[in-house]
Amino acid sequence: MDNNNWMQQLLMLGLGTTSLVADKLRQVGDELVKDGKLNPEQAKAVMDDIAQQLRSEQGTWEAQMQRQMRNMMQDLGVARQSEVDELRGRIDRLERQVRDLENKLWR
């Protein structure tokens, strides 16, 4: 399964959740204004503060999710790209050595 696809789906889930929370917060703010418990400026200030906090936590959540995904992939034994690249380089060198030896034998 494509690792980037999993990450993209998880990030989209986080963004969708944040969007739903923001919508609910707006609804709560509208209700508080309607009930006279807050004036519109206070409601806007509170909602802006909460929205800012959610945005800042979004970045932290994404970093934590990436770290957990890396750990999970490592636990499953999935090779990192750098390891795969290193092995490809070693295979290329060995193939060259084999060709060189074959060429020497046929001369």
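Residues numbered from 1 in each chain as written. Predicted model: local features only at pLDDT ≥ 70, side-chain atom pairs only at ≥ 80, totals over all residues. Heavy atoms only, no water.

1. Notes on the overall build of the protein
Now for step 1: Scanning the protein from terminus to terminus reveals 3 helices and 0 strands.
Now for step 2: When the helices and strands of the protein are placed in sequence order, the string is α-α-α.
Now for step 3: Across the 107 residues that make up the protein, the buried fraction comes to 11%.
Now for step 4: For the protein, the accessible area works out to roughly 9100 Å², and carbon and sulfur atoms hold 54% of it. (Helix = DSSP H or I, 4+ residues; strand = E, 2+ residues; numbered from the N terminus. Buried < 20%, exposed > 50% of the residue type's maximum accessible area, 1.4 Å probe, protein only. Areas by Shrake-Rupley, 256 points an atom, 1.4 Å probe, with all protein chains shown as cover.)

2. Looking at a positive patch on the surface
Now for step 1: On the surface, a cluster of positive charge is made up of Arg90, Arg93, Arg96 and Arg99.
Now for step 2: As for its placement among the helices and strands, Arg93 is situated in helix α3 (residues 81–105). (Patch = residues over 30% accessible without salt bridge, like charges linked within 9 Å, V, L, I, M, F, W, Y side chains within 5 Å. Salt bridge = Lys/Arg side-chain N within 4 Å of Asp/Glu carboxyl O. Lys, Arg positive; Asp, Glu negative; His and termini not counted. Charge placed at Lys NZ, Arg CZ, Asp CG, Glu CD.)

3. Topic: the pattern of salt bridges
Now for step 1: Under the counting rule described, the total for this entry stands at 3 salt bridges.
Now for step 2: The salt bridge involving Lys44 is made with Asp48; its shortest N-O contact spans 2.7 Å. With Lys44 and Asp48 both in helix α2 (residues 40–76) and 4 residues apart, this pair spans about one turn of that helix.
Now for step 3: The exposure class assigned to Lys44 is exposed, which follows from its relative accessible area of 52%.
Now for step 4: Close ionic contact of Glu83 with Arg80 constitutes a salt bridge, the shortest N to O distance being 3.8 Å.
Now for step 5: According to the relative accessible area criterion, Glu83 is partly exposed, its value standing at 31%.

4. Quick notes on a nonpolar patch on the surface
Now for step 1: A cluster of nonpolar side chains, Met72, Leu76 and Val78, forms an exposed patch at the surface whose accessible area comes to about 290 Å².
Now for step 2: Mapping Leu76 onto the fold places it in helix α2.

5. What to know about the environment of Ala51
Now for step 1: Topologically, Ala51 is positioned in helix α2.
Now for step 2: Judged by its relative accessible area of 24%, Ala51 falls in the partly exposed class.
Now for step 3: Expressed as a C-alpha distance, the spacing of Ala51 and Ser19, which sit 32 residues apart in the sequence, is 9.7 Å.

6. Quick look at the confidence of the model for the protein
As a note on interpretation, predicted positions should not be read in detail where pLDDT is low.
Now for step 1: The pLDDT averaged across the protein works out to 80; a share of 81% of its residues lies at or above 70.
Now for step 2: By mean pLDDT, the top-scoring element of the protein is α3 (95), and the lowest-scoring one is helix α1 (residues 3–34) (71). (pLDDT = per-residue confidence, 0-100.)

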